[in-house]
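Report on the structure
Listed below are the residues making up each chain.
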Amino acid sequence: MVVATSTTAVAVSLAALVASGGFVGAIFGYRENPTTRPLIGVAVALLVGAFAHLAVVDLVPVRAVLGLLGGPTDTTGGLWLLVAFDISTVVGVLWFLFALQYTGRDDRTSSIAYFAVAGVLILLLGPHFMLTLSGSYVGFESQTPNLLLGVAVVLAEALALIGIFLVLDVTFQHKAFPLAQAALFTGAVGLVLLVPFVATTVRNPITTPLLLAGSAVLFTGVLYRHRPFETLPVVSLVGRDRVFEEMSDGVVIVGSDGHIRDLNPAAQRLFEVDRASAVDQPLATVAPAIPDLSISGGGSPTDVALETGRTVSVSVEEICDHRSRGLGWSLVCRDITAKRRRTQRLSVLTRAIAGVTTGQMQTVTSVTGAIDSGDCEPEHGGDRIQATATDVATLVACVRDIESALSSSEESQHTHLDLRETLDSLSTDGKFDTVVEAGPRSPVVAADPELVTATLTTLLAGTESATVTVSTDPERVTVDISPFDPSGENSLQALSLRIANTAAESASWDLTTVQESRTHGVRLCFRPGPACSAPGGDIE
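These notes cover the structure that comes with them.

1. Re the overall build of the protein
- If you tally the helices and strands in the protein, you get 18 helices and 12 strands.
- Going through the 540 residues of the protein one by one, you find that 44% of them count as buried.
- Once local pairs closer than 6 in sequence are excluded, the contacts in the protein between residues at least 24 apart make up 66%.
- Per element, the accessible surface of the protein, about 26700 Å² overall, is 57% carbon and sulfur.

Written out as structure tokens, the structure is:
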């Protein structure tokens with residue numbers, strides 16, 4: 001005879017197995033979502049538990065192999081009770097982990113949660129180890145295994161109840177879930193938590209598969225009816241905590257008493273404080289430069305210069321309850337230091353282009369006057385005016401290129417430029433000669449291509465003929481332009497150098513003037529790029 005129990009008991013056990021299998025199949029479709037992993041564990045635990053119950057209670061061959069004595073429904077020495085306790089404990093701790101992730105509280109409590117779950121599972125394994133050593137007949141006569149098993153079940157039930165309360169809290173307080181969805185989750189977990197208590201009270205093995213089947217059906221109903229992982233609170237409540245933590249702007253929550261209640265990592269970096277030392281401290285102590293919140297709330301952003309040297313734009317919004325009573329303020333602090341510096345540089349460029357235009361137009365006026373007075377040949381004067389206008393147009397175009405490069409973004413340290421290709425593209429008019437000295441590295445530099453190209457164009461626009469020498473060594477790549485004499489205040493070279501210096505201020509490379517013997521020049525020093533690995537010799 002294969003079946004050890006009644007037909008009804010076998011049918012219920014098979015129904016639990018089918019229902020648990022259906023739950024596993026349904027949840028497996030969401031396996032790519034990290035939040036579902038604990039719930040996948042719950043589904044597998046229900047499936048394994050249903051199969052284990054069917055094997056040790058209803059199937060005679062399995063009971064014979066295990067050497068189980070007594071009847072399949074005996075409570076003393078009945079392995080089905082141990083299975084019931086195991087299922088409830090494992091499902092309880094896995095549900096707890098799922099609830100933490102699903103309500104967005106896993107980031108702050110993950111270490112404590114995993115420690116608690118590990119402790120429960122160790123307590124659960126203890127009785128199994130002792131019973132295995134005691135022999136093939138599994139009973140509950142030993143007080144020590146009973147004690148450990150009882151503690152494990154109680155702790156698992158407590159953790160599972162905490163998970164249920166978390167889901168209910170975000171359902172009623174934050175409206176993060178539909179009420180029916182939370183009720184189905186609660187019912188599904190509640191049925192599993194009842195398994196050990198009903199089993200020891202009713203003392204009939206059929207109660208275990210009945211409860212497991214009901215739990216699996218409810219879990220599956222949640223997945224198909226409410227699709228919880230398509231409307232995860234990652235978009236609502238979970239997202240609130242995670243977005244708060246991951247925002248690039250600093251966010252500070254201040255209570256009505258002016259003390260800091262919370263701040264995100266970006267705010268900690270901005271004000272150079274850690275959360276532990278800033279929370280519950282007056283805002284004036286952590287950020288004394290921020291103006292009085294009571295008069296700045298709801299207004300336009302205010303630019304504030306911090307003691308750290310940074311400039312931040314602070315937007316203040318008052319936090320009110322549903323009765324419009326003030327609870328505090330939220331501060332969004334955006335670091336505009338780089339933006340402010342770019343604005344200042346663009347202002348310098350604007351003044352530079354105005355100086356270029358004014359100075360060169362004065363030259364045009366002087367030449368025109370000389371032509372009128374007969375002191376200058378018209379043909380020669382016309383050539384000078386044309387050359388001056390061309391130089392002015394070239395410098396204006398260079399300023400616009402530098403302005404575009406500065407306003408687009410800060411220079412990227414991961415951008416590279418081949419100087420030889422760049423200089424070859426700029427030497428089409430034959431105004432300068434390029435000399436690339438052989439060295440251990442090729443002339444590839446770590447710099448913003450647009451900014452470097454615009455700067456070189458600006459400098460070369462101020463020269464009538466020059467030699468550009470590129471030299472490399474393991475530490476740097478140097479570009480020398482000579483002759484280049486910026487001594488005249490309104491000379492074309494002086495103006496182009498002033499514009500180029502503005503570009504160099506925002507870059508990681510250096511621009512200096514040099515004088516060797518009687519020759520003046522300018523020098524740009526760059527960091528070698530990663531492609532600068534070719535040994536000495538010709539550069540490919």
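On we go from here.
2. Some remarks on the packing of helix 1 (residues 7–28) against helix 2 (residues 37–58)
- Contact geometry of helix 1 with helix 2 gives a least axis separation of 9 Å together with a crossing angle of 160°. Our classification of the angle between helix 1 and helix 2 gives roughly antiparallel. In this structure, helix 1 crosses over helix 2, and the sense of that crossing is left-handed. Contacts between helix 1 and helix 2 pair Ala9, Val10, Ser13, Leu14, Ala16, Leu17, Ser20, Gly21, Phe23, Val24 and Ile27 from the former with Leu39, Ile40, Val42, Ala43, Val44, Leu46, Leu47, Ala50, Phe51, His53, Leu54 and Asp58 from the latter.
- Partitioning the contact of helix 1 with helix 2 into residue classes produces 18 nonpolar, 4 polar and 1 charged.

3. Re the pattern of salt bridges
- A full pass over the atoms with the stated rule returns 5 salt bridges.
- Among the ionic pairs, aspartate 280 bridges to arginine 261, the shortest N-O distance being 3.7 Å. Placement of the pair is aspartate 280 in the loop between helix 11 (275–278) and helix 12 (283–286) and arginine 261 in strand 2 (residues 260–263), with a sequence separation of 19 residues.
- The shortest N-O distance in the salt bridge between arginine 275 and aspartate 262 comes to 2.8 Å. Pair noted here: arginine 275 is in helix 11 and aspartate 262 is in strand 2, with a separation of 13 residues, a long-range link.
- Judged by its relative accessible area of 14%, aspartate 262 falls in the buried class.
- Among the charged side chains, a salt-bridge network with shared partners connects Asp257, Arg261 and Asp280.

4. Considering helix 8 (residues 207–226)
- Compared with an ideal rise of 1.5 Å per residue, which puts 20 residues at 28 Å, helix 8 spans 28 Å between its outermost C-alpha atoms and is within 8% of the ideal.
- Of the residues flanking the end of helix 8, it is arginine 227, one or two places downstream, whose phi is positive at about 45°.

5. Re the environment of valine 251
- Within the secondary structure layout, valine 251 lies in strand 1 (residues 250–255).
- On the basis of relative accessibility, which here comes to 7%, the residue valine 251 falls in the buried class.
- What valine 251 contacts, discounting residues up to four positions off in sequence, is Phe244, Asp262, Leu263, Asn264, Ala267 and Leu331.

6. Examining unusual backbone geometry
- Put simply, serine 482 and proline 483 share a cis peptide bond, and its omega is -5°.
- Within the secondary structure, proline 483 sits in the loop between strand 10 (477–482) and helix 18 (492–505).
- Its identity is not glycine, yet arginine 203 carries a phi of approximately 60°, on the positive side.
- Within the element layout of this structure, arginine 203 appears in the loop between helix 7 (179–202) and helix 8.
- Residues other than glycine seldom take positive phi values, yet glutamate 272 does so here, at roughly 55°.

7. As for the pairing of strand 10
- For strand 10, the buried fraction is high: 5 of the 6 residues fall into the buried class.
- Bridge count between strand 9 (residues 466–472) and strand 10: 6 bridges; the pairing is antiparallel. In the sheet register, valine 470 faces strand 10, and the bridge partner there is valine 479.
- Remark: 4 residues form the turn of the hairpin made by strand 9 and strand 10, two consecutive strands paired antiparallel.

8. Side note on the sheet that holds strand 2
- If you walk across this open sheet you meet the 5 strands as 2-1-5-4-3, and the pairing is antiparallel. Each having just a single partner strand, strand 2 and strand 3 (302–305) make up the two edges of the open sheet. Strand-to-strand, the axes of this sheet are offset by a mean angle of 30°, without reference to chain direction.
- Strand direction decides the pairing type here: strand 1 and strand 2, joined by 3 bridges, are antiparallel. Looking across to strand 2, one finds that valine 254 is bridged to isoleucine 260.

Rules behind the numbers
Residues numbered from 1 in each chain as written. Predicted model: local features only at pLDDT ≥ 70, side-chain atom pairs only at ≥ 80, totals over all residues. Heavy atoms only, no water. Helix = DSSP H or I, 4+ residues; strand = E, 2+ residues; numbered from the N terminus. Buried < 20%, exposed > 50% of the residue type's maximum accessible area, 1.4 Å probe, protein only. Contact = heavy atoms within 4.5 Å. Areas by Shrake-Rupley, 256 points an atom, 1.4 Å probe, with all protein chains shown as cover. Axes fitted to C-alpha atoms, helices over the stretch in contact; angles between N-to-C directions. Parallel < 35°, antiparallel > 145°, perpendicular 65-115°, else oblique. Left-handed = near helix turned anticlockwise from the far one by under 90°. Nonpolar A, V, L, I, M, F, W, Y, C, P; charged D, E, K, R; others polar. Salt bridge = Lys/Arg side-chain N within 4 Å of Asp/Glu carboxyl O. Expected span 1.5 Å × (residues − 1). Pairing = 2+ DSSP bridges.

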